Amino acid sequence: METIGFIGLGIMGRPMCANLMKAGHKVIVYDVVRAVVDEVVANGAVAANSPADVASQVNKIVTMLPDSPQVKEVVMGKSGVLEGAKKGSIIIDMSSIAPSTAKEVHDAAKAKGVRMIDAPVSGGQPGAIAATLSIMVGGEKADFEECVDILKVMGSSVVLVGSIGAGNTVKLCNQIIVALNIAALGEALTLGVKAGVDPEAIFNAIKGGLAGSSVMNAKTPMVLDRNFKPGFRIDLHIKDIANALQTGKELNAPLPMTGLIAQIMQALKVKGHGSSDHSAIVTFFEQLADVEIKRIVH
Ligand code: NAD
């Protein structure tokens with residue numbers, strides 16, 4: 001069993017921490033929000049005063065933060081991880097950030113003799129609680145192998161996909177596919193409802209065929225029940241799609257569909273849906289056609 005540092009105790013970080021402790025690891029934690037630190041400490045973790053303080057006490061530091069600026073601040077900023085980290089220690093950044101930021105932070109760490117892998121996740125809060133996250137890792141093979149046992153405590157699929165930044169590149173691919181799937185679902189079911197067909201019948205008729213998907217299975221029941229409680233907030237998906245567009249620009253890779261869904265999600269945010277589950281993307285299409293995709297009570 002190891003002592004592990006954990007920084008970022010949000011919706012995802014708290015259950016991931018709980019699973020590390022359940023597996024017998026000692027966890028030293030930090031978050032800017034005192035209340036979430038207190039909650040995790042009540043469950044057996046030890047609080048530190050800063051990211052540097054966390055890093056000075058461990059050899060492995062997990063970060064689970066909102067986006068690129070927070071990861072840069074926590075690792076490279078004042079009282080950051082690199083101010084306290086021992087030489088040879090390893091940062092496991094599990095946040096979803098821009099691949100270019102992952103490389104930048106990795107290089108800053110390397111200059112101080114600290115290693116880093118990027119290991120973003122998919123599977124959401126339920127996956128974090130059940131320890132069934134899919135974890136896509138970028139980094140050196142030896143560093144991956146040193147961390148894989150800890151990652152397997154938090155996820156059921158842990159795959160090395162390439163060098164540093166590749167984990168986040170794969171996560172962006174995932175986020176593009178999920179957002180566009182929900183948009184396609186919204187557009188198609190809007191057409192069906194406008195034609196007078198029961199949307200639940202459409203779902204049941206096609207979910208086993210080529211159009212079926214995990215996204216369809218997870219999101220259609222939520223839409224039919226008009227349940228847009230997150231789950232995964234539109235605000236966070238906007239962040240990932242912005243990172244995808246930035247990465248496309250850096251790589252000279254046009255992403256026309258991603259650009260369109262970025263605008264659709266922005267319009268939904270303006271209408272007050274930023275904190276809704278991303279299944280609420282369907283409401284954009286409903287409003288265009290003036291219909292609602294809902295369960296018909298017979
Ligand atoms: P969250 O906003 O609930 O948690 C982030 C935590 O980081 C908060 O507790 C916040 O206080 C803390 N934080 C922010 N700045 C900090 C700083 N400078 N120093 C220390 N702590 C700081 O977010 P989340 O839902 O837990 O997501 C975390 C990451 O995982 C994001 O990148 C997100 O895109 C990704 N992700 C989320 C989900 C999901 O369903 N929620 C699914 C997959 C991936």
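Scroll up to find the structure this text is about.
This text gives an overview of the structure that appears in the document. (Residues numbered from 1 in each chain as written. Predicted model: local features only at pLDDT ≥ 70, side-chain atom pairs only at ≥ 80, totals over all residues. Heavy atoms only, no water.)

### As for the overall build of the protein chain
Here is step 1: What the protein chain contains, in helices and strands, is 14 helices and nine strands.
Here is step 2: Taking the principal axes of its C-alpha atoms as reference, the protein chain extends roughly 65 × 45 × 35 Å.
Here is step 3: The proportion of buried residues among the 298 residues of the protein chain is 51%.
Here is step 4: A separation of at least 24 residues holds for 66% of the contacts in the protein chain among residues at least 6 apart in sequence.
Here is step 5: Accessible surface, the protein chain: about 13,700 Å² in total, of which carbon and sulfur atoms supply 57%. (Helix = DSSP H or I, 4+ residues; strand = E, 2+ residues; numbered from the N terminus. Buried < 20%, exposed > 50% of the residue type's maximum accessible area, 1.4 Å probe, protein only. Contact = heavy atoms within 4.5 Å. Areas by Shrake-Rupley, 256 points an atom, 1.4 Å probe, with all protein chains shown as cover.)

### Section: the packing of aromatic side chains
Here is step 1: A complete count under the given rule lists one aromatic pair for this structure.
Here is step 2: Plain terms: the ring middles of Phe 284 and Phe 285 are 5.4 Å apart, the flat faces sit at 85° to each other, and that makes the pair edge-to-face.
Here is step 3: Here Phe 285 falls in the buried class, since its relative accessible area comes to 9%.
Here is step 4: In this arrangement the basic side chain of Lys 207 is found over the ring face of Phe 203, its NZ or CZ atom lying 4.8 Å from the centre. (Phe/Tyr/Trp six-rings, centres within 6.5 Å; stacked < 30°, edge-to-face > 60°. Lys NZ or Arg CZ within 6 Å of the ring centre and 35° of its normal.)

### Concerning the pairing of strand β5 (residues 90–93)
Here is step 1: Of the two faces of β5, the one lined by Ile 90 and Ile 92 and the one lined by Ile 91 and Asp 93 are each fully buried.
Here is step 2: Pairing of strand β4 (residues 60–63) with β5, which is carried by four bridges, proceeds in the parallel orientation. When the bridges of β5 are listed, Lys 60 appears paired with Ile 90.
Here is step 3: Taken together, β5, helix α6 (residues 99–110) and strand β6 (residues 115–118) constitute a β-α-β crossover, and its handedness is right-handed. (Pairing = 2+ DSSP bridges. Right-handed = clockwise from strand over helix to strand, strands pointing away.)

### Things to note about the packing of helix α4 (residues 68–76) against α6
Here is step 1: Two numbers describe how α4 lies on α6: the axes approach to 10 Å, and their chain directions differ by 5°. By the angle between their directions, the pair α4 and α6 is classed as roughly parallel. Contacts from Ser 68, Val 71, Lys 72, Val 75 and Met 76 in α4 reach Thr 101, Glu 104, Val 105 and Ala 108 in α6.
Here is step 2: Looking at the contact of α4 with α6 residue by residue, the classes come out as five nonpolar, two polar and two charged. (Axes fitted to C-alpha atoms, helices over the stretch in contact; angles between N-to-C directions. Parallel < 35°, antiparallel > 145°, perpendicular 65-115°, else oblique. Nonpolar A, V, L, I, M, F, W, Y, C, P; charged D, E, K, R; others polar.)

### So, helix α14 (residues 282–289)
Here is step 1: Buried within α14 we find Val 282, Thr 283, Phe 285, Glu 286 and Ala 289. Projected onto a plane normal to the axis of α14, the buried residues spread over an arc of 160° and lie on a single side. Away from its buried face, by an angle of more than 90 degrees, α14 presents the exposed residues Gln 287 and Leu 288.
Here is step 2: Looking one or two residues past α14, Asp 290 carries a phi angle of roughly 60°, positive in sign. (Arc of directions from axis to C-beta.)

### Notes on a nonpolar patch on the surface
Here is step 1: Nonpolar side chains collect at one region of the surface, where Val 159, Val 161 and Val 170 lie side by side and expose about 190 Å² of accessible area between them.
Here is step 2: Tracing the chain through its elements places Val 170 in helix α9 (residues 166–194).
Here is step 3: Given the relative accessible area of 31%, Val 170 is considered partly exposed. (Patch = residues over 30% accessible without salt bridge, like charges linked within 9 Å, V, L, I, M, F, W, Y side chains within 5 Å. Salt bridge = Lys/Arg side-chain N within 4 Å of Asp/Glu carboxyl O.)

### Description of the site of the ligand
Here is step 1: Around the ligand lies a shell of 25 residues, among which Ile 11, Met 12, Asp 31, Pro 66 and Lys 239 are the nearest.
Here is step 2: The contact in question runs from an oxygen atom of the ligand to an N or O atom on the backbone of Ile 11, over 2.9 Å.
Here is step 3: Contact between the ligand and Lys 239: an oxygen atom at 2.8 Å from a side-chain N or O atom of the residue.
Here is step 4: Considering the ligand on its own, with 830 Å² of exposed area, one finds that the protein chains cover 89% of that surface. (Near = heavy atom within 4 Å. Polar contact = N/O pair within 3.5 Å; in protein donor to acceptor, adjacent residues only side chain to side chain.)

### Notes on α4
Here is step 1: For α4, every residue scored as buried is listed here: Ser 68, Val 71, Val 74 and Val 75. Projection of α4 onto a plane perpendicular to its axis shows the buried side chains occupying an angular sector of 135°, all on one side. When the buried face of α4 is taken as reference, the exposed residues oriented beyond 90 degrees from it are Pro 69 and Glu 73.

### A look at the pairing of strand β1 (residues 3–7)
On a regular strand, one side chain projects to one face of the sheet and the next to the other, so that they alternate.
Here is step 1: Among the five residues in β1, four count as buried, and that is most of the element.
Here is step 2: At this point the chain moves from β1, through helix α1 (residues 13–22), to the parallel strand β2 (residues 26–30), and the crossover so formed is right-handed.
Here is step 3: Direction of pairing for β1 relative to β4: parallel, over a ladder of four bridges. Bridge pairing links Phe 6 to Val 62 in β4.

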